[in-house]
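# Structural description and commentary
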Amino acid sequence: MSVLLTASLAAFTVVAVLGVLIAADLLRGRSVERQFILTHAGIAVLGALLAIGAALQGDKRVYVNIALVVVIVILGVMAGHKRYETGQVQKGLILAHAALAVICYLILAANTFGIALG
C-alpha cells in the first residue's frame, strides 16, 4: 500500500465529508461560508497533489483519478462561478460534481487497498 495513495485517500475522505455538508446546505437553499468552501477546495488540491506524487513515483493506477479530478474541479469552479454571478445554485453542476467525485473516490480507494478493477 502506497503511503502517498493512503494520504491522498485520507485527504479525499475529509473532502467528501465537507462536500456532503456543503451540498446539503446548497441544495436546501442555505448559504455556505466561503471559508468552508475554500477549505473543501484546498484539501482537495492536497489530495490531488498526493495522487500526482504517487503517479510520479510510477503508480499508473491513479492516472484515471487525476483525469477525473480535472473534470471534477472544472465542474466545481463552474458551479461556484455561476452561483457568484447569478446568486442561484446550479443543482445540475453540483450533482455532476458530486457524482464524479464519488466515482473518483471509489476508484482511489480500490487502488489504495489493492482491489482489482478489471
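Reading the values: the criteria
- Residues numbered from 1 in each chain as written.
- Predicted model: local features only at pLDDT ≥ 70, side-chain atom pairs only at ≥ 80, totals over all residues.
- Heavy atoms only, no water.
- Helix = DSSP H or I, 4+ residues; strand = E, 2+ residues; numbered from the N terminus.
- Expected span 1.5 Å × (residues − 1).
- Contact = heavy atoms within 4.5 Å.
- Polar contact = N/O pair within 3.5 Å; in protein donor to acceptor, adjacent residues only side chain to side chain.
- Salt bridge = Lys/Arg side-chain N within 4 Å of Asp/Glu carboxyl O.
- Buried < 20%, exposed > 50% of the residue type's maximum accessible area, 1.4 Å probe, protein only.
- Core = buried A, V, L, I, M, F, W, Y, C linked by side-chain atoms within 4.5 Å.
- UniProt positions renumbered as here; feature names shortened; annotations may be inferred.
- Axes fitted to C-alpha atoms, helices over the stretch in contact; angles between N-to-C directions.
- Parallel < 35°, antiparallel > 145°, perpendicular 65-115°, else oblique.
- Left-handed = near helix turned anticlockwise from the far one by under 90°.
- Nonpolar A, V, L, I, M, F, W, Y, C, P; charged D, E, K, R; others polar.

## Some points on helix H1 (residues 3-27)
- Counted at 1.5 Å a residue, the expected span for H1 with its 25 residues is 36 Å, and the 35 Å between its end C-alpha atoms agrees.
- Along its buried surface, H1 packs onto helix H2 (34-56), helix H3 (63-86) and helix H4 (91-112).
- Among the residues of H1, the N-terminal cap falls to Ser 2, whose side-chain oxygen and the backbone nitrogen of Leu 4 are separated by 3.3 Å.
- Note on H1: the residue one or two positions beyond its end, Gly 29, has a positive phi of about 85°.

## Topic: the pattern of salt bridges
- Throughout the structure, instances matching the rule amount to 2 salt bridges.
- Put simply, Asp 25 and Arg 30 hold a salt bridge, and the shortest N to O gap is 3.4 Å.
- Accessibility expressed as a relative area gives 45% for Arg 30, which makes it partly exposed.
- The partner of Arg 61 in a salt bridge is Asp 59, with the nearest N and O atoms 2.8 Å apart.
- The partly exposed category is assigned to Arg 61, whose relative accessible area is 39%.

## Concerning the nonpolar core
- If you look at the biggest cluster of nonpolar residues, it comprises 16 residues, and the most contacted ones within it are Leu 5, Phe 12, Val 62, Leu 68, Val 69, Cys 104 and Leu 108.
- Secondary structure elements with two or more residues in this core: H1, H2, H3 and H4.
- Ile 22, Val 32, Leu 75 and Ile 94 belong to the second largest nonpolar core, which has 8 residues in total.

## Considering the environment of Ala 99
- Relative to the helices and strands, Ala 99 resides in helix H4.
- The exposure class assigned to Ala 99 is partly exposed, which follows from its relative accessible area of 41%.
- Sequence-wise, Ala 99 and Ile 115 are 16 residues apart; in three dimensions their C-alpha atoms are separated by 21 Å.

## Quick notes on the UniProt feature "transmembrane region" (unreviewed entry) in the chain
- Summarizing the sequence annotation, UniProt attributes the feature "transmembrane region" (unreviewed entry) to residues 6-24, 36-56, 62-80 and 92-117 in the numbering used throughout.
- Along residues 36-56 the backbone is 100% helical and 0% strand, and the end-to-end C-alpha distance reaches 30 Å.

## As for the environment of Gly 29
- Relative to the assigned elements, Gly 29 resides in the loop between H1 and H2.
- A relative accessible area of 65% places Gly 29 in the exposed class.
- Sequence separation between Gly 29 and Ala 41 is 12 residues, and the spatial gap between their C-alpha atoms is 20 Å.

## Here's the deal with the packing of H3 against H4
- Viewed as axis vectors pointing N to C, H3 and H4 meet at an angle of 155°, and their least axial separation amounts to 9 Å. As summarised for this structure, H3 and H4 are arranged roughly antiparallel, according to the angle between their axes. Considering only the axes of H3 and H4, their crossing is left-handed. Here Val 64, Asn 65, Leu 68, Val 69, Val 71, Ile 72, Leu 75, Gly 76, Met 78, Ala 79 and Lys 82 of H3 lie close against H4, whose contacting residues are Leu 93, Ile 94, Ala 96, His 97, Leu 100, Ala 101, Ile 103, Cys 104, Ile 107, Leu 108 and Asn 111.
- Residues that form the contact of H3 with H4 fall into these classes: 17 nonpolar, 4 polar and 1 charged.

## Things to note about the side chain of Ser 8
- In this structure, Ser 8 sits in helix H1.
- On the basis of relative accessible area, Ser 8 is assigned to the buried category, the value being 0%.
- Ignoring sequence-local partners within four residues, the contact set of Ser 8 consists of Gly 47, Leu 50, Ala 51 and Leu 108.

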